[in-house]
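In case you want the letters, here they are:
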Amino acid sequence: MNLFDFLPAKFFSILSSSNKDIYADCIFVIYKTSSNISYGVKRELIIDVLTDYFNDSSDVTFMDEKEVISDARDKASFIIRKFEECGWIYRVDDNNYVEEINFHDYAIA
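Conventions adopted
Residues numbered from 1 in each chain as written. Predicted model: local features only at pLDDT ≥ 70, side-chain atom pairs only at ≥ 80, totals over all residues. Heavy atoms only, no water. Axes fitted to C-alpha atoms, helices over the stretch in contact; angles between N-to-C directions. Helix = DSSP H or I, 4+ residues; strand = E, 2+ residues; numbered from the N terminus. Parallel < 35°, antiparallel > 145°, perpendicular 65-115°, else oblique. Left-handed = near helix turned anticlockwise from the far one by under 90°. Contact = heavy atoms within 4.5 Å. Buried < 20%, exposed > 50% of the residue type's maximum accessible area, 1.4 Å probe, protein only. Pairing = 2+ DSSP bridges. Core = buried A, V, L, I, M, F, W, Y, C linked by side-chain atoms within 4.5 Å.

(A) Geometry of the packing of helix H1 (residues 20–34) against helix H2 (residues 43–56). In the contact formed by H1 and H2, the axes pass within 10 Å of each other and the chain directions differ by 135 degrees. Classified by the interaxial angle, the pair formed by H1 and H2 is oblique. The crossing of H1 and H2 is right-handed. Residues Ile22, Asp25, Cys26, Val29, Ile30 and Thr33 of H1 touch H2, and the partners they reach there are Leu45, Ile46, Val49, Leu50, Tyr53 and Phe54.

(B) Representation of the pairing of strand S3 (residues 99–103) in the model. For S3, the tally of buried residues reaches four of five residues, placing the bulk of the element in the interior. Here two bridges tie strand S1 (residues 41–42) to S3, and the two strands are oriented antiparallel to one another. If you follow Val41 over to S3, its bridge partner there is Ile101. As defined by bridge partners, strand S2 (residues 89–93) adjoins S3 across five bridges and the pair is classed as antiparallel. The partner of Val92 across the bridge, within S3, is Glu100. Connecting S2 to the antiparallel partner S3 that follows it, the hairpin turn spans five residues, and Tyr97 within it adopts a positive phi of roughly 60 degrees.

(C) Highlighting the nonpolar core. Ranked by internal contacts, the top residues of the largest apolar core, which has 28 residues, are Cys26, Leu50, Phe83 and Trp88. Those elements that provide at least two residues to this core are H1, H2, helix H3 (72–86) and S3. A per-element tally of this core places H3 first, with seven residues. Beyond its immediate sequence surroundings of up to four residues, Trp88 is in contact with Phe11, Ile14, Leu15, Ile27, Phe83, Asn102, Phe103, His104 and Ala107.

Shape descriptors only; they carry no functional weight alone.
Okay, here's the thing in structure tokens:
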């Protein structure tokens with residue numbers, strides 16, 4: 001069994017980008033927030049936690065491929081979109097139309 005047979009093609013791309021330190025920190029922040037909850041975490045909670053991370057790390061310059069993102073909440077939203085695009089997390093709408101975020105099983109392992 002080859003590891004790359006079941007991981008998404010872009011899975012490691014965030015860890016080889018110019019923002020790799022920020023992405024790694026955010027992975028751990030999200031994991032720490034969700035580690036006690038087996039059924040997912042509300043997206044708004046993840047946004048709040050990541051916003052706090054970016055506000056506390058005001059000296060961090062975060063650049064997307066096209067522009068500099070300066071607002072902490074915009075950075076948090078970008079991180080969630082990027083992690084979903086690369087296959088680290090996925091979103092689920094619950095019965096009350098509240099968006100929850102979960103790690104894929106292979107991302108946790």
